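Structural characterization, general
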Amino acid sequence: MKRPSISILFDSRNMPEGRYSVKWHVYYSGKQKAYSTGEILDEEDVKFLKANKEFLSGRIKDDAKRNLWNMIYGDEYTDTISGVRKESVTAKGKRVLAQIEDYFTFEIFAQTIAGNYNPEDKTPTNADIIKALENRGQKLIQQGDASNGNLHLSTASSLRRYAVYAKLAKSVESVELPIMAITQNFLRNYEKWMLQFGKAPKNPDNPAKPASISTASIYCRYIRILWNEAIDSGIVSKENYPFKTAHKSGFKLASVLNTKKAISEEILLKLFQYEAPVSGSPREMWKDLWLFIYMANGINTMDLCKLKNEDLDFGTNTISFYRDKTIDTKRTDMRKIVIEVLPEIKEILEKWRNTDRSPGARLFSFLPADVSADREKRIVNQVTKNINTHMNRIAKELELGIKINTYQARHTFATTMATANAPLKYITQKFGHGSMKTTEKYIGSIEGKTTESYLSNLVPKDPKTNQ
């Protein structure tokens, strides 16, 4: 891999006659740029330095001249004002270049030499994390995981914008961000930027808006995934890992609790009691499917569409299946999710179940058996959209004052179980989560009558009146 080089340039352009600006002259890959050191010299000093560029002869006895040479070409010199020993111009330039030479760009050099960027390591690698994110995102989309793939692409796009903001690149198109540039300081500054300007405007003329801490956390998690893969591939050393671990300090990902509230008991009752204007209409079907999701352990739409007749057992009144997400990501300790078929679920099945009752056929007829991953994702997204659209029309018709979607059905299941004092471990099993911490994110605040019963204990009651 080509390495950048550095030398000293005495530049008289745009300077008063007889005066020279001392600059670092950096050469890399056929290109060269000059950066001011802040030092200004007169013509006599420049002539002396040029004449003694290679080494300082012992014949030169002038202490001022010797100190000048050390200031430009030596290792260190004595500052004439403070009397403190300082790093020379050449030494500083070479030190900074050595820090970033394995992921050098002119922009990163400019920010580092100015003290605006603090590289923490220089392990050799030319792996570009933005390209890695984009490649992985496109691959996931081709495999049918459009949502995950698009999040990778969004992370890459966000890093491009941040690199321009941090002056590590001149334009989003020209950004090069080697993985070793992702340090603890980089991640901290990136998160701060996300919380100020992370939400890209749809109209370029509009200002960027703050992104949520949840979005910032998600993007940083994808960066961490790429870092872990780079370690596994031997591209980088785990010693340079910028994220916090049990045995090492580093950047700590934000752990954001889910703030979305579950649907209240009163609203839930209205949804159960709602009757569509036309029996057997799409409105009735999509409402029933939302209720099915809610009662069926908060099942997600992909798993709903992939359920098969053979998963249903009326003998035990259960539906058993492996989560589609688990099959793709978890290869050990896989456990089936078991849904109890309540009378209300059975009624929904009787109305909307697939007419093909062969064991391998889908329980619902939305998703064909043989379909490409891309087509599968589009169908499932459309099912989700249809449910959300009709549920929001119902919410408007009933004047509920909220929007309703499939995620809320999952969230409401968890919170309803928690309100009923179901153990967290039980809810975790129903969701098929590997960790109870994951389940906790789905459980909203417990409000209403339960909260009232808790808070009622704050005020002591008169034993005579119980008031």
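Everything numeric in this text was worked out from a predicted model, so none of it was measured. (Residues numbered from 1 in each chain as written. Predicted model: local features only at pLDDT ≥ 70, side-chain atom pairs only at ≥ 80, totals over all residues. Heavy atoms only, no water.)

Focus: the environment of Asn 228
Topologically, Asn 228 is positioned in helix α8 (residues 213–232). Classification of Asn 228 by relative accessible area gives partly exposed; the value is 31%. Sequence separation of Asn 228 and Tyr 241 is 13 residues, and the distance between their C-alpha atoms is 8.4 Å. (Helix = DSSP H or I, 4+ residues; strand = E, 2+ residues; numbered from the N terminus. Buried < 20%, exposed > 50% of the residue type's maximum accessible area, 1.4 Å probe, protein only.)

As for helix α2 (residues 63–72)
Along α2, the residues that are buried comprise Lys 65, Asn 67, Leu 68, Trp 69, Met 71 and Ile 72. Summarising the contacts, the buried residues of α2 are in contact with β1 (5–11), β2 (19–28), β3 (31–42), α1 (43–51), β4 (76–78) and α3 (89–100). With a side-chain oxygen lying 2.8 Å from the backbone nitrogen of Ala 64, the N-terminal cap of α2 falls on Asp 62. (Contact = heavy atoms within 4.5 Å. Polar contact = N/O pair within 3.5 Å; in protein donor to acceptor, adjacent residues only side chain to side chain.)

Describing the packing of helix α7 (residues 184–197) against α8
The N-to-C vectors of α7 and α8 enclose an angle of 145 degrees; their axes lie 9 Å apart at closest approach. For α7 against α8, the interelement crossing comes out right-handed. Residues Leu 187, Tyr 190, Glu 191, Met 194 and Leu 195 of α7 lie in contact with α8, whose contacting residues are Ile 213, Thr 215, Ala 216, Tyr 219, Cys 220 and Ile 223. (Axes fitted to C-alpha atoms, helices over the stretch in contact; angles between N-to-C directions. Left-handed = near helix turned anticlockwise from the far one by under 90°.)

A look at the sheet that holds strand β7 (residues 318–321)
Read across the open sheet, the 3 strands follow the order β6-β7-β8; overall the sheet is antiparallel. Only two strands of the sheet have a single partner each, and these edge strands are β6 (312–313) and β8 (337–340). As judged from the 2 bridges shared by β6 and β7, these two strands associate in the antiparallel manner. Note that in β7 the partner of Leu 312 across the bridge is Ile 319. (Pairing = 2+ DSSP bridges.)

A closer look at the confidence of the model for the protein
Residue-level pLDDT values for the protein average 83, and 85% of them are 70 or greater. Scored below 50 in pLDDT, residues 328–332 makes 1 contact in the model with residues more than four places away or belonging to other chains. (pLDDT = per-residue confidence, 0-100.)

Section: the pairing of β7
Burial along β7 is two-sided: the face carrying Thr 318 and Ser 320 and the face carrying Ile 319 and Phe 321 are both buried. Connecting β6 to the antiparallel partner β7 that follows it, the hairpin turn spans 4 residues, and Asn 317 within it adopts a positive phi of roughly 55 degrees. Bridge analysis of β7 against β8 gives 4 bridges, and the strand direction is antiparallel. Residue pairing for β8: Thr 318 is matched across the bridge by Glu 340.

Details of the nonpolar core
In terms of nonpolar packing, the biggest core is built from 66 residues, with Phe 10, Ile 72, Phe 109, Ile 129, Leu 177, Tyr 190 and Trp 227 touching the most fellow members. Per element, the largest residue contribution to this core is 9 residues, and it comes from α8. Counting residues in hydrophobic clusters, the runner-up holds 49 residues, among them Leu 268, Leu 271, Leu 349 and Ile 379. (Core = buried A, V, L, I, M, F, W, Y, C linked by side-chain atoms within 4.5 Å.)

Considering the environment of Val 172
With respect to the helices, strands and loops of the structure, Val 172 is situated in the loop between α6 (146–165) and α7. Sequence separation between Val 172 and Ser 157 is 15 residues, and the spatial gap between their C-alpha atoms is 8.2 Å. When sequence neighbours within four positions are dropped, the list of residues in contact with Val 172 reads Arg 160, Arg 161 and Val 164.

Some thoughts on the pattern of salt bridges
Scanning the model with the defined rule gives 14 salt bridges in all. For Asp 11, the salt bridge is made with Lys 23, and the minimal N-O distance between the two is 3.0 Å. Pair noted here: Asp 11 is in strand β1 and Lys 23 is in strand β2, with a separation of 12 residues, a long-range link. With a closest N to O distance of 3.1 Å, Arg 136 and Glu 229 form a salt bridge. In this pair, Arg 136 sits in helix α5 (residues 129–142) while Glu 229 sits in helix α8, placing the two residues 93 residues apart along the sequence. Judged by relative accessible area, which is 26%, Arg 136 ranks as partly exposed. Overlapping salt bridges, with partners in common, bring together Glu 284, Lys 287, Asp 288 and Lys 351 in one network. (Salt bridge = Lys/Arg side-chain N within 4 Å of Asp/Glu carboxyl O.)

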